[in-house]
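# Report on the structure
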Amino acid sequence: MTETFYEVMRRQGITRRSFLKYCSLTASALGLGPAFAPTIAEAMETKPRIPVLWLHGLECTCCSESFIRSAHPLAKDVVLSMISLDYDDTIMAAAGHEAEAIIEEIIEKYDGNYILAVEGNPPLDEDGMYCIIGGKPFVEQLKKAAEHCKAIISWGSCASWGCVQAARPNPTRATPIHKVPGLAKKPIIKVPGCPPIAEVMTAVITYILTFDRFPQLDRQGRPLMFYSQRIHDKCYRRPHFDAGQFVEHWDDEAARKGYCLYKMGCKGPTTYNACSTVRWNGGLSFPIQAGHGCIGCSEDGFWDKGSFYDRVTDTHQFGIEANADEVGLVAAGTVGAAAAAHLAVTAIKQAQNKGEQDQ
Amino acid sequence: MQREINSGAVYVYEAPVRIWHWVNALSITLLAITGYLVASPLPSMSGEASDHFLMGYIRFVHFAAAYIFAVGFLGRIYWALVGNEHARQLFKLPVHRLKFWRELLHEVRWYAFLEKEPKKYVGHNPLAHLFMVVIITVGGFCMLLTGFALYAEQVGQGSWQDTLFGWLIPLVGQSQDVRLWHHWGMWVIVVFVMLHVYVAIREDIVSRQSIISTMVSGWRTFKDDRP
Amino acid sequence: MSMIQTPNGFSLDDSGKRVVVDPVTRIEGHMRCEVNVDENNIIRNAVSTGTMWRGLEVILRGRDPRDAWAFTQRICGVCTGTHALTSVRAVEDALNIQIPENANSIRNIMQLALQAHDHLVHFYHLHALD
């Protein structure tokens with residue numbers, strides 16, 4: 001049996017006091033009450049580290065990059081103490097066939113007990129040849145690992161929705177994890193974002209370890225504690241939105257004053273994520289605070305929802321690209337003109353009829 | 001629908017239907033104006049944020065009008081069940097009747113100046129009937145669904161709005177998609193309202209029956225005795 | 001000694017011991033390296049292959065040029081900012097846009113900040129293990 005988290009932490013020279021502090025910090029990071037700190041402590045003292053296989057498909061590694069910047073808890077605590085991250089080709093020491101052998105070993109040793117974390121997604125076109133790992137298509141590796149895992153974590157928008165490689169026209173038929181045909185039916189938790197917030201990633205892992213189950217999920221399989229509200233709902237620029245104070249140009253006075261970026265195409269009102277509360281880089285800032293609108297990176301298909309700088313974005317339907325306001329105004333104008341013309345003809349006809357009756 | 005038609009007046013629209021029509025007219029007007037302003041807000045306000053609540057008021061009017069529209073819609077469904085025969089017209093379209101299509105064609109030809117005179121109808125003429133059902137009943141229902149789904153986003157998870165309508169968002173795609181379809185719906189209704197108002201006034205003058213006064217008094221009167 | 005011709009017109013020395021490393025870890029994306037080593041342990045030929053393709057060039061076609069940076073940025077999650085800045089510059093070149101001196105300074109600061117942080121990441125998270 002692998003060591004418990006507590007044993008590993010003690011072995012690393014962490015005092016009991018620091019350990020308990022860490023537990024309360026984690027409890028608050030998860031939005032749990034102080035009563036949960038002992039629960040976390042108990043879980044850490046008694047439960048063995050969960051083996052995690054972290055696979056990479058079509059992706060840009062930004063999820064891993066985000067993950068290693070986590071401050072609460074620190075990524076090193078997660079990787080070294082909480083989970084037993086047995087395979088992650090971005091930060092593992094082994095390479096080549098040694099790395100591939102680890103996957104086989106984990107699947108055999110912890111059959112049905114490891115967590116499969118997937119970053120990126122498999123391309124399905126050309127039998128998956130657009131993403132080859134160790135000489136085999138990634139989709140095969142994914143299916144095999146999913147067959148024997150306990151649960152799947154879909155890291156980032158790639159695994160959750162498809163992300164950039166699945167944007168129109170999706171040349172490789174990149175497919176999000178939950179839509180891969182023939183994948184073993186395992187519970188899937190989606191942690192979307194491009195990348196997801198580091199603290200969100202580590203908190204999700206902590207929750208799964210502590211309570212031995214997924215946190216409460218929404219309709220689409222995202223953890224409610226981080227994805228139940230929109231960026232807009234907790235945005236610090238929200239008062240400017242309600243007041244009707246908007247940035248109209250990137251270099252106007254309103255931009256300098258930090259007004260709402262709604263008119264600049266900010267997708268905060270349509271994006272479920274924790275950026276406006278948890279923020280990035282240890283709570284330092286987030287895109288809107290830096291002066292740029294949200295691009296909606298944790299939403300399904302956000303690449304294909306029109307420009308990042310438009311409020312009323314174009315619709316792509318039936319192969320036509322159209323803007324509702326432009327079409328609507330033209331339609332209303334045409335109908336108005338048609339009605340006027342119709343009225344004129346009606347008046348003439350009426351006059352003619354009258355003339356005929358008079359005669 | 002079209003029994004003994006003569007110049008004698010017929011009581012068509014009962015009071016609840018008439019009230020609903022005018023409440024609807026008002027709420028749709030407010031919804032379209034405020035909805036457009038939510039998508040394309042007015043020029044930026046100057047001064048302190050705490051001194052203004054412009055966008056807040058615009059959105060409040062939108063939501064209040066939407067609730068009135070929704071309650072009206074429910075009330076109208078209730079009245080379709082208990083009201084007179086004409087109150088049910090908006091909820092059924094006799095597409096299986098050949099007569100409906102023949103009269104529809106006649107009505108289209110009348111508007112295209114190809115018929116000398118229109119037929120007389122106690123209720124809606126077939127063309128109006130078709131548009132009412134598609135735009136007001138089906139269209140209004142779609143706007144209610146998408147509108148409440150969007151409203152549920154700000155009320156939050158677990159609210160009754162979310163429970164009843166929240167499922168729509170992942171079904172359509174994502175929040176931005178629902179917004180777009182709601183916005184397209186607004187333009188469809190705006191164009192319909194333009195047509196509706198023009199045709200109502202025109203028909204009131206040139207057709208053989210009362211139109212506008214009927215929606216005020218409820219009585220349909222006819223200008224001649226011919227069938 | 002055996003020489004083989006690649007489809008791209010290169011000739012490869014395919015003699016000696018063949019060493020394949022696939023996947024190469026601690027990089028962005030997926031990579032395969034193949035070398036042939038002779039009896040004196042000298043590499044006679046080396047081939048590296050990126051083993052994933054997402055078609056970002058295909059996806060970018062027909063997009064709003066203002067959005068291009070975000071797509072390009074997703075080439076790599078380790079050096080994101082560099083791709084974004086370069087893409088913005090490419091769009092500006094194509095549209096003949098002159099940027100003010102301040103904008104240039106801001107971009108330089110961004111680039112240097114990225115460089116500083118990338119060194120830390122690369123050393124402590126990726127490189128240190130070697």
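Conventions used here
- Residues numbered from 1 in each chain as written.
- Chains lettered and ligands numbered in written order.
- Predicted model: local features only at pLDDT ≥ 70, side-chain atom pairs only at ≥ 80, totals over all residues.
- Heavy atoms only, no water.
- Helix = DSSP H or I, 4+ residues; strand = E, 2+ residues; numbered from the N terminus.
- Rg over C-alpha atoms; globule rule 2.2 N^0.38 Å.
- Buried < 20%, exposed > 50% of the residue type's maximum accessible area, 1.4 Å probe, protein only.
- Contact = heavy atoms within 4.5 Å.
- Areas by Shrake-Rupley, 256 points an atom, 1.4 Å probe, with all protein chains shown as cover.
- Lys, Arg positive; Asp, Glu negative; His and termini not counted.
- Charge placed at Lys NZ, Arg CZ, Asp CG, Glu CD.
- 1 Å grid on protein atoms, 1.4 Å probe; cavity = no way out; pocket = protein on both sides within 12 Å on 5 of 7 lines; lining within 4 Å.
- Points joined across faces, edges and corners; volume = space filled by probe spheres on them.
- Nonpolar A, V, L, I, M, F, W, Y, C, P; charged D, E, K, R; others polar.
- Buried area = accessible area lost by both parts, 1.4 Å probe.
- Salt bridge = Lys/Arg side-chain N within 4 Å of Asp/Glu carboxyl O.
- Expected span 1.5 Å × (residues − 1).
- Pairing = 2+ DSSP bridges.
- UniProt positions renumbered as here; feature names shortened; annotations may be inferred.
- Polar contact = N/O pair within 3.5 Å; in protein donor to acceptor, adjacent residues only side chain to side chain.
- Axes fitted to C-alpha atoms, helices over the stretch in contact; angles between N-to-C directions.
- Patch = residues over 30% accessible without salt bridge, like charges linked within 9 Å, V, L, I, M, F, W, Y side chains within 5 Å.

Before going further, it helps to examine the overall build of chain A. In terms of regular secondary structure, chain A is built from 14 helices and nine strands. For chain A, whose C-alpha radius of gyration is 27 Å, the value lies well above the compact-globule estimate of 21 Å for 359 residues. Within chain A, buried positions represent 60% of all 359 residues. When contacts within chain A are restricted to residue pairs at least 6 apart in sequence, those whose partners lie at least 24 apart make up 73%. When the accessible surface of chain A is split by element, carbon and sulfur atoms take 56% of a total near 14500 Å². For chain A, the distance from the average position of its 36 positive side-chain charges to the average position of its 41 negative side-chain charges is 7 Å.

Our next topic: the overall build of chain B. Scanning chain B for helices and strands turns up eight helices and two strands. Each helix and strand of chain B, ordered N terminal to C terminal, gives the series β-α-α-α-α-α-α-α-α-β. Structurally, chain B occupies a C-alpha span of about 65 × 35 × 30 Å along its principal axes. The 227 residues of chain B split such that 50% are buried. Total accessible area on chain B stands at roughly 11500 Å², and carbon and sulfur atoms take up 71% of it.

Another aspect to go through is the layout of surface pockets. Any space left empty among the atoms is revealed by the rolling of a water-sized probe across them. Estimates place the volume of the second largest pocket at around 1300 Å³. B:Met132, B:Phe192, B:His196, B:Val197 and B:Ala200 are the residues nearest the centre of the second largest pocket, which is lined by 49 residues in total. Elements with a minimum of two residues in the lining of the second largest pocket: α14 (324-358) of chain A together with α1 (15-39), α3 (98-111), α4 (126-155), α7 (175-206) and α8 (212-217) of chain B. With twelve residues, the single largest contributor to the lining of the second largest pocket is α7(B). Looking at the lining of the second largest pocket, its residues break down into 32 nonpolar, twelve polar and five charged.

On to the side chain of A:Thr61, then. Here A:Thr61 lies in the loop between β1 (50-56) and α4 (62-67). Ignoring any residue separated from it by four or fewer positions in sequence, one finds A:Thr61 in contact with A:His56, A:Thr90, A:Glu119, C:Ile27, C:Glu28, C:Gly29 and C:Gly77.

This part is about the interface of chain A and chain C. Taken together, the contact pairs 46 residues of chain A with 35 residues of chain C. Of the roughly 3300 Å² buried where chain A meets chain C, counting both sides, 58% is carbon and sulfur surface. Where chain A meets chain C, there are two salt bridges. Residue C:Arg63 pairs with A:Asp304 through a salt bridge whose shortest N-O separation is 2.9 Å. Of all the elements in the fold, those that place two or more residues in the side of chain A that touches chain C are α4, α6 (96-109) and β4 (132-133) of chain A. For the side of chain A that touches chain C, the element with the most residues is α6(A), which contributes four residues.

The end-to-end C-alpha distance of helix α4 (residues 101-127) of chain C is 36 Å, a good match for the 39 Å that 27 residues give at a rise of 1.5 Å each. If you check which residues of α4(C) are buried, you get C:Arg107, C:Leu114, C:Asp118, C:Val121 and C:Leu126. Contact partners of the buried residues in α4(C): α4 of chain A together with α3 (80-95) of chain C.

Quick look at the pairing of strand β6 (residues 151-155) of chain A now. Residue and element names in this part refer to chain A. Here β6 lies mainly inside the structure; five of its five residues are buried. Burial along β6 is two-sided: the residues Ala151, Ile153 and Trp155 and Ile152 and Ser154 are all buried. In the sheet, β6 pairs with strand β7 (residues 188-191) via four bridges, with the strands oriented parallel. The residue bridging Trp155 from the neighbouring strand is Val191, located in β7.

Residues and elements named next belong to chain A. UniProt tags Cys60, Cys63, Cys158 and Cys194 as "binding site: [4Fe-4S] cluster 1" (unreviewed entry). Over a stretch of 135 residues, the named residues converge on one spot in the fold, their C-alpha atoms separated by at most 9.6 Å. You can see Cys63 is positioned in helix α4. Sequence-distant contacts of Cys63, that is, excluding residues within four places in its chain, are made with Glu119, Trp155, Gly156, Pro195, Pro196 and Met201. Position of Cys158 among the secondary structure elements: in helix α8 (residues 156-160). Discounting residues that sit within four places of it in the chain, Cys158 has contacts with Leu58, Glu59, Gly120, Asn121, Cys163, Gln165 and Pro176.

Attention shifts here to the interface of chain A and chain B. The accessible area lost on association of the parts is a frequent measure of interface size. Taken together, the 56 residues of chain A in the interface contact 46 residues of chain B. A combined buried area of about 4100 Å² lies between chain A and chain B, and 58% of that area is made up of carbon and sulfur atoms. Counting across the chain A and chain B interface gives four salt bridges. For A:Lys305, the salt bridge is made with B:Asp177, and the minimal N-O distance between the two is 3.0 Å. Counting across the interface, chain A meets chain B through 26 residue pairs in polar contact (both at pLDDT 80 or more). Every element with two or more residues in the side of chain A that touches chain B is listed here: α10 (224-227), α11 (238-243), β8 (314-317), β9 (320-323) and α14 of chain A.

It is worth spelling out the sheet that holds strand β4 (residues 31-37) of chain C at this point. Residues and elements named next belong to chain C. The antiparallel open sheet is built from three strands, whose spatial order is β3-β4-β5. Both edges of this open sheet fall to β3 (17-21) and β5 (43-50), since each of them pairs with a single strand only. On average, each strand axis in the sheet is tilted by 15 degrees relative to the strand beside it, whichever way the strands run. Examined bridge by bridge, β4 and β5 share seven bridges and lie antiparallel to one another. Each bridged residue has a counterpart across the sheet, and for Asn36 the counterpart in β5 is Asn45.

Bringing a nonpolar patch on the surface into the picture now. All names here are of chain B. Together, Trp22, Val193, Val197, Ile201, Ile205, Ile212 and Val216 make up an exposed nonpolar region whose accessible area comes to about 610 Å². When contributions to the nonpolar patch are tallied by element, the ones reaching two or more residues are α7 and α8. The element that contributes the greatest number of residues to the nonpolar patch is α7, accounting for four residues. Inspection of the secondary structure assignment puts Val197 in helix α7.

If you walk through the whole model with that rule in mind, you get five cavities of 30 Å³ or more. When its volume is computed, the largest cavity comes out at roughly 840 Å³. As for the largest cavity, its lining consists of 36 residues, and the residues nearest its centre are B:Gly35, B:Val38, B:His62, B:Leu150 and B:His182. Mapped onto the lining of the largest cavity, the elements with two or more residues apiece are α1, α2 (54-82), α4 and α7 of chain B. For the lining of the largest cavity, the per-class residue count stands at 22 nonpolar, ten polar and four charged. A:Arg219, A:Arg222, A:Tyr272, B:Gln157 and B:Gly166 are the residues nearest the centre of the second largest cavity, which is lined by 19 residues in total. Broken down by secondary-structure element, the contributors of at least two residues to the lining of the second largest cavity are α4 and α6 (168-172) of chain B. With three residues, the single largest contributor to the lining of the second largest cavity is α4(B). For the lining of the second largest cavity, the residue count by class is five nonpolar, eight polar and six charged.

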